[in-house]
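# Descriptive structure summary
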Amino acid sequence: MADNLSDTAENRSLDWLMGTATTAPTLPLKVALVTANGSDSAAGTEVTGGSYVRKNLTVGAAASGATSNTADIVWTGMPAGTIVGVEIWDSAGSPVRWWRGPLAASRTLASGDEARFPAGTLTFAQA
């Protein structure tokens, strides 16, 4: 998911790099699954139903401008539907969407299925 920062994340990153603000995401970061992808300025359509909830994201230190999830991310008891992308949100009282991106291939799930992203499969890079 290269260069898929939300507009908010782009602005906050620039503010931090230029020393005009120190606003960082409220941890832990959370992975949300979407059935319709959003844009830099608008969130996608998040999965609802079943046992779905956003899952914690852990990543390693960036190298060569990229990082990835260091642990499997697993959802069980999913509702039926097609997942087309993911979004990364923080845990603020009013959560902020930081990143978004389409999956390389959509995943169609039946009710009760599991969705899994093994360690290393969600990569994040800045172009």
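Counting of residues starts from 1 at the beginning of each chain's written sequence and follows it residue by residue. Predicted model: local features are reported for residues with pLDDT of at least 70 only, side-chain atom pairs are reported and counted for 80 or more only, and whole-chain, interface and lining totals are derived from all residues. Side-chain calculation: all heavy atoms of the structure are included, whereas hydrogens and water are not.

Let us look at the pairing of strand S6 (residues 81-89). One bridge is not enough; two strands pair if DSSP finds at least two bridges between them. Helix and strand labels come from DSSP, where a helix needs a run of H or I of at least four residues and a strand needs a run of E of at least two; each type is numbered from the N terminus. As defined by bridge partners, strand S1 (residues 29-36) adjoins S6 across five bridges and the pair is classed as antiparallel. Pairing of Val-31 across the sheet is with Ile-88, part of S6.

What follows is about the pattern of salt bridges. Salt bridge, as used here: a side-chain nitrogen of Lys or Arg that lies within 4 Å of a carboxyl oxygen of Asp or Glu. Across all of its chains, the model carries five salt bridges by this definition. Linking Arg-54 and Glu-46 is a salt bridge whose minimum nitrogen-to-oxygen distance equals 2.8 Å. Each residue gets one of three labels from its accessible area relative to the maximum for its type: buried under 20%, exposed over 50%, partly exposed in between, using a 1.4 Å probe on protein chains only. Arg-54 sits in the partly exposed class, given a relative accessible area of 25%. The salt bridge involving Arg-97 is made with Glu-87; its shortest N-O contact spans 3.6 Å. Taken together, the positions of Arg-97 in strand S7 (residues 97-109) and Glu-87 in strand S6 put the pair 10 residues apart, joining distant regions of the chain. Judged by its relative accessible area of 8%, Arg-97 is buried. You can call Glu-87 buried: its relative accessible area is 2%. Overlapping salt bridges, with partners in common, bring together Asp-72, Glu-114 and Arg-116 in one network.

It is worth spelling out the environment of Arg-116 at this point. Tracing the chain through its elements places Arg-116 in strand S8 (residues 115-117). In this description, contact between two residues means that some pair of their heavy atoms is separated by no more than 4.5 Å. In this view, Arg-116 contacts Asp-72, Ile-73, Val-74 and Arg-107; residues no more than four positions away in its chain are not counted. Separated by 3.1 Å, the side chains of Arg-116 and Asp-72 make a polar contact. Within 3.5 Å is the distance limit for a polar contact, defined as a pair of N or O atoms, with the added protein rule that one can donate a hydrogen and the other accept it, and that residues adjacent in sequence qualify only through two side-chain atoms. A distance of 3.1 Å separates the side chain of Arg-116 from the side chain of Glu-114, its partner in a polar contact.

So, on to the environment of Ala-43. Residue position: Ala-43 is located in the loop between S1 and strand S2 (45-46). Beyond its immediate sequence surroundings of up to four residues, Ala-43 is in contact with Gly-38, Glu-87, Trp-89 and Arg-97.

Right, let's get into a nonpolar patch on the surface. A cluster of nonpolar side chains, Leu-14, Trp-16, Leu-17 and Met-18, forms an exposed patch at the surface whose accessible area comes to about 510 Å². Its location among the elements puts Leu-14 in helix H1 (residues 7-17). The patches described consist of residues with a relative accessible area above 30% and no salt bridge, like charges being joined within 9 Å and nonpolar side chains (Val, Leu, Ile, Met, Phe, Trp, Tyr) within 5 Å. Computed with a 1.4 Å probe, the accessible areas rest on the Shrake-Rupley method; for each residue, only the protein chains presented here act as cover.

Let us look at the environment of Asp-113. Within the element layout of this structure, Asp-113 appears in the loop between S7 and S8. Given the relative accessible area of 30%, Asp-113 is considered partly exposed. For the pair Asp-113 and Met-78, spaced 35 residues apart in sequence, the C-alpha to C-alpha distance is 5.3 Å. In this structure Asp-113 touches Trp-75, Thr-76, Gly-77 and Met-78, once residues within four positions along its chain are discounted. Separated by 2.8 Å, the side chain of Asp-113 and the backbone nitrogen of Ala-110 make a polar contact.

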